[in-house]
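Chain and residue survey
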There are 2 protein chains.
Amino acid sequence: MPMIDRRGFLGALAAAGAMGVMRPRAARADEKRLGVALVGIGKLTQTQLLPALKKTTACRLAALVSGHPDKARKVAAEYGLPEKNIYSYETFDRLADNPEVDIVYVVLPNAMHAEYTIRAARAGKHVYCEKPMAVSVRECEEMIAACNKAKRMLGIAYRLHFEPHNLEVARIARSKELGAIKVIEAAGCTMVGDPKQWRLDKKLSGGGSLVDIGIYALQAARYISGEEPVSVTARQSVTDPAKFKGIDETMLFELAFPSGVLASCISSYAVFLNHFTVAAEAGRFGVDPGLNYHGIRGFRSDGKPLAFPDIDQFAAEMDDFATCVRAGKPTRVPGEEGLRDVRIMEAIYRAAESGREVKLG
Amino acid sequence: MPMIDRRGFLGALAAAGAMGVMRPRAARADEKRLGVALVGIGKLTQTQLLPALKKTTACRLAALVSGHPDKARKVAAEYGLPEKNIYSYETFDRLADNPEVDIVYVVLPNAMHAEYTIRAARAGKHVYCEKPMAVSVRECEEMIAACNKAKRMLGIAYRLHFEPHNLEVARIARSKELGAIKVIEAAGCTMVGDPKQWRLDKKLSGGGSLVDIGIYALQAARYISGEEPVSVTARQSVTDPAKFKGIDETMLFELAFPSGVLASCISSYAVFLNHFTVAAEAGRFGVDPGLNYHGIRGFRSDGKPLAFPDIDQFAAEMDDFATCVRAGKPTRVPGEEGLRDVRIMEAIYRAAESGREVKLG
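Numbers given for residues are sequential positions, taken from 1 along each chain in its written order. Throughout, the order in which chains and ligands are written sets their labels, letters from A for the former and numbers from 1 for the latter. Thresholds applied to this predicted model are a pLDDT of at least 70 for local features of residues and 80 or more for the giving and counting of side-chain atom pairs; totals over whole chains, interfaces and linings are not thresholded and use all residues.

**A short note on the interface of chain A and chain B**
For the record, the criterion: This entry defines residue contacts through backbone-placed C-beta atoms, with two residues in contact when those atoms are within 7 Å. Helix numbers and strand numbers start at the N terminus; a helix is a DSSP run of H or I with at least 4 residues, a strand a run of E with at least 2. All amino acids are sorted into three groups, where Ala, Val, Leu, Ile, Met, Phe, Trp, Tyr, Cys and Pro are nonpolar, Asp, Glu, Lys and Arg are charged, and the leftover types, Gly among them, are polar.
Contacts between the two partners involve 29 residues from chain A and, on the opposite side, 30 residues from chain B. Of all the secondary structure elements, the ones that give two or more residues to the side of chain A that touches chain B are strand S7 (181-189), strand S8 (231-237), strand S9 (250-256), strand S10 (262-268) and strand S11 (274-280) of chain A. Here the side of chain A that touches chain B is built from residues that sort into 14 nonpolar, eight polar and seven charged.

**Details of the sheet that holds S10 of chain A**
Residues and elements named next belong to chain A. Counted only if it meets this: Two strands qualify as a pair provided DSSP detects at least 2 bridges between them. Note on geometry: axes are lines fitted to C-alpha atoms, helical ones only across the stretch in contact, with angles between N-to-C directions running from 0 to 180 degrees.
Reading across the sheet, the eight strands line up as S13-S12-S11-S7-S10-S9-S8-S14 and stay open at both edges, with mixed pairing between neighbours. One side of each edge strand has no neighbouring strand; the edge strands of this open sheet are strand S13 (298-300) and strand S14 (358-359). Where S7 lies against S11, seven bridges are found, and the strand directions are antiparallel. Its bridge partner being in S11, glutamate 185 is matched across the sheet by threonine 277. Across the sheet, helix H6 (residues 164-175) is in contact with S7, S11, strand S12 (283-287) and S13; its angle to S12 comes to roughly 155°. Each of S8, S9 and S14 is contacted by helix H10 (residues 335-354), which is oriented at about 60° to S8, the strand it contacts most.

**Things to note about the pairing of strand S12 (residues 283-287) of chain B**
Residues and elements named next belong to chain B. How we decide: Neighbour density around each residue's C-beta defines its exposure: 20 or more other C-beta atoms within 10 Å make it buried, 12 or fewer make it exposed, and counts between make it partly exposed, where C-beta atoms are placed from the backbone.
With four of five residues buried, S12 is to be regarded as a mostly interior element. Relative to S12, strand S11 (residues 274-280) runs antiparallel, the two sharing five bridges. Of the residues in S12, the one forming a bridge with valine 278 is phenylalanine 285. Linking S11 to S12, which pair antiparallel, is a turn of two residues.

**Concerning the relation of the copies chain A and chain B**
Test applied: The copies were overlaid by least squares, fitting only the C-alpha atoms of residues that reach a pLDDT of 70 or more in each copy.
Between chain A and chain B, which share one sequence, the superposing operator has a rotation angle of 180° and an axial displacement of 0.0 Å; the RMSD is 0.0 Å. Expressed as an axis order, the relation between the two copies is that of a two-fold axis. Nearest to the rotation axis, the C-alpha of arginine 356 of chain A is located 2.2 Å from it, this being the minimum over chain A. The share of interface residues of chain A whose copies in chain B are also at the interface is 100%, consistent with both copies meeting through the same surface.

**A look at the sheet that holds strand S6 (residues 154-156) of chain A**
Residues and elements named next belong to chain A. Spatially, S3-S2-S1-S4-S5-S6 is the arrangement adopted by the six strands of the open sheet, whose pairing is parallel. Whereas interior strands pair on both sides, the edge strands pair on one side only; in this sheet they are strand S3 (86-87) and S6. As paired strands, strand S4 (residues 103-106) and strand S5 (residues 126-129) are joined by four bridges and run parallel to one another. When the bridges of S5 are listed, tyrosine 105 appears paired with tyrosine 128. Each of strand S1 (34-39), strand S2 (59-65) and S4 is contacted by helix H2 (residues 43-55), which is oriented at about 145° to S2, the strand it contacts most. Packed onto the sheet, helix H4 (residues 113-122) meets S1, S4, S5 and S6 and runs at close to 160° relative to S5.

**Some remarks on the pairing of strand S5 (residues 126-129) of chain B**
All names here are of chain B. Condition: By convention, orient the strands away from the viewer: a clockwise path from the first strand over the helix to the second makes the crossover right-handed.
Both faces of S5 are covered, namely the face carrying His126 and Tyr128 and the face carrying Val127 and Cys129. Since strand S4 (residues 103-106) and S5 lie parallel, the crossover through helix H4 (residues 113-122) that links them has a hand, and here it is right-handed. Bridging between S5 and strand S6 (residues 154-156) involves three bridges; their strand directions are parallel. Each residue of the ladder has a partner; that of cysteine 129, found in S6, is isoleucine 156.

**Quick word on the confidence of the model for chain A**
Residues and elements named next belong to chain A. For clarity, the cut-off: Scored from 0 to 100, pLDDT records how confident the predictor is in each individual residue.
Predicted confidence across chain A gives a mean pLDDT of 93, with 91% of residues reaching 70 or more. Segment residues 1-7 is flagged for pLDDT under 50; beyond a separation of four residues in sequence, or across chains, it makes 16 contacts in the model. Scored below 50 in pLDDT, residues 15-24 makes 17 contacts in the model with residues more than four places away or belonging to other chains. The ipTM, which scores confidence in the relative placement of chains, is 0.91 for this predicted complex, and the corresponding pTM is 0.92.

**Description of the environment of glycine 67 of chain B**
Residue and element names in this part refer to chain B. Summarising the element assignment, glycine 67 is placed in the loop between strand S2 (59-65) and helix H3 (69-78). Sequence separation of glycine 67 and asparagine 148 is 81 residues, and the distance between their C-alpha atoms is 28 Å. Among all residues touching glycine 67, those that are not within four sequence positions of it are Ser88 and Tyr89.

**Observations concerning the environment of alanine 270 of chain A**
Along the chain, alanine 270 of chain A falls in the loop between S10 and S11. Setting aside residues up to four positions removed in sequence, alanine 270 of chain A forms contacts with Met191, Thr239, Glu249 and Thr250 of chain A together with Lys182 and Glu281 of chain B.

What follows is the structure, encoded as C-alpha cells:
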C-alpha cells in the first residue's frame, strides 16, 4: 500500500536512524561544499535560508538573484558574497557561466517557479524549488522534463520531510506501533498579515491558503499514511472578501485513502491552527504545533515521549539535497512529489467549486 | 445570526452564571421531587443514570421499565424501589395510573425512542429521551406532535448543554472574546467494544458512529457557533466490514454556517478522539477531551484558565428538566433541538452516499 518508495519519507529514516538524518556528518576535506544560488531575497530567504546556509555542512552561499540591486548588495555584503555573484532576473541565465553555482534554489512567488526552474536547468544547474512546486500540473510536468533533459536534479522544499518529530509520527503510523491508523486530522493554518503580499495575488500565488499552508496538511496526510488519496471532497469559505479576492481564505478538505484511512484537513489564512493528529486503534499521536520552523512538539496518548532536539529544518533540507546531488542519489522530495500535491490540490479546488467528490486516478 | 434562542445554550448560562446552572439550589420543603421512570436498564441506566438520580435535588427514581424482570427486581432492590413500580414493555401504558411518575426517561435503542416517547406522552407523562432523538425526521415530528397534543414537555438528553467547560467554550465563541471564530474542529469518537450490541444493529440504531457519538461533534459545532448549518459535505469509511455492517464506522463531515464559519467534524467508532477546538482571530480554545462523562478539560491559547469543577452531567440535566417541568419553563434541549440534529444527520448520510454537498433549508 505505501506509495512513497524506499527513497521516500521513511527510507532515509530507516537507513540513518531517527536523528542521524538530521545531524549532518562533518564535511570531509575532500568533499566540496556545493554552491547555492538563492533566487529571490524576500522574507523567507532573509530570515531563514541565508542564516541556515551558514549552518549547512554541504552547502555554501554562491550567488543571489534579485530584482532589487541595492537590497541584493546589502545582503551580499552581510554574508560576504562578492558583488560579481549578484544576478538580476535579466542576467539570470549567465549563471550557466558560473562554476561556483551548483544548485539554484527558487524562492520566488509560485507563478514564477516553473520559468526559473526551467531556466536554471537549461543553465546546467540542479534546482531546489519552494513549495508549492508550481501553479499547475502542466507546469510541474514541464519542470520535471526540463531537469530530466538537462540531467539535473530537481527537489521541492518540503522541509518537514527532514523534521524528526514528523518523521517519527510517520514511523509510528506505518509501523502500527499503536495499531492500524484510522483517521488523520491535519490542520495547516497561519494568519497572513500584509494584505499587499504576493501570496494574496492569485496571479502570483495560483491559489489561497491551500497552496501555501494547507499543503502541509496534505503532505502530512500523505507521508503519515504512506498512501495516495483516491478521492477528495472539499469546501471553502471567505469571511474577508476584501482581503481574499478570488482565493480561499479557509479550505476544508477530506482525503480517502485505499486502506480506508480518512484524513480530515483544514487550511486557513485566518487562524493559527497547525497540528497533525493520528488516531489509531490503540491510541493517538502527533505533532502540535506540527509545522512551525521551530518548537515542534510531539505527543503520544500512551505517555511515551515523542521529543527530539529542535533543528534548523532549512539547513537539514539543503544539506540533504546537496548530499544527494554530490552522491548522485535520488532526493526524497523529487519533482514528482511536488507534482502529486499540485494534482491533488487542483482536485481539491474542483471539489470545493462543484460541491462534489473528485476521484483521483 | 444565533439560531438558538434565549432559552437555549447560553440563556441559562447568562441568567445563572457559569456555575450556577450546574449547582442545583437546595430543594425547598414545599417543592416535590419529580418522579422519574427509567425505561430500559442497560449500561447507561445502571452505570450513570441510577447513581445520578441519587445526586439530583429535583428528581427521584419512581419506576423502572424493563423486559428483564429478574434484572429489574435486582436493580429495584438496590435502589429501594418497591416492586409495584417495576413495569414491563407490555404494562408500560399503565404508567398512566401511577401518580408517582412525572417524567419518563427513554433510554432504549434509538429505533424505539419514538414509540415509547409517544406512549409516555399518551400516558400523560413528560418525556426525556436519549439522543439521537429518533431514527428519522418523521419520527421526531411525531414525537413532538404527541407531546404537544398531550401538553407534556419533551426534552432530549444532550448532557453537554449542562457541562460548564462546553458552556464556557460557547460563551467565548459568541462573545468574540478571542475575536470572531473562523473554524471549528469537532471530533466525537469512541471505540465500540462488544460486536453484538444494539448500536451495531442498524435496525435498532438507525445508523453508525454518526448518530451515536458523532452527534456530539455536530451538536458542538452548532452550540459553539450559535448558528445552523446551511450545507453539509461528508464521507464515510469502513475498515472492519464484519463488525460494521451497513453502518458508518468513521464519518467525516463538514458544515458551512451562514457567517462563513466552517466546521470540520469527525465521527468514529474505531478510535478515541474527542475534542472541540475553536480557531478564532486572536487564538484557539476548546475542550479536549470534550465529551467524556468526567474529566473534561478546557484550554485557551492565551493561557487563561478554562477550568471548572467536574460535575455529574446526568444529574445536572435531569435536575434542569425537572425544574423546567415544575416551573412550566421551556427546556433548553427541546424536541425541536433533537429534530434539527436528526435532519442534519440525514443530510450528512445523503452527502456521504452521493459524494455531493447537500444544502439545508
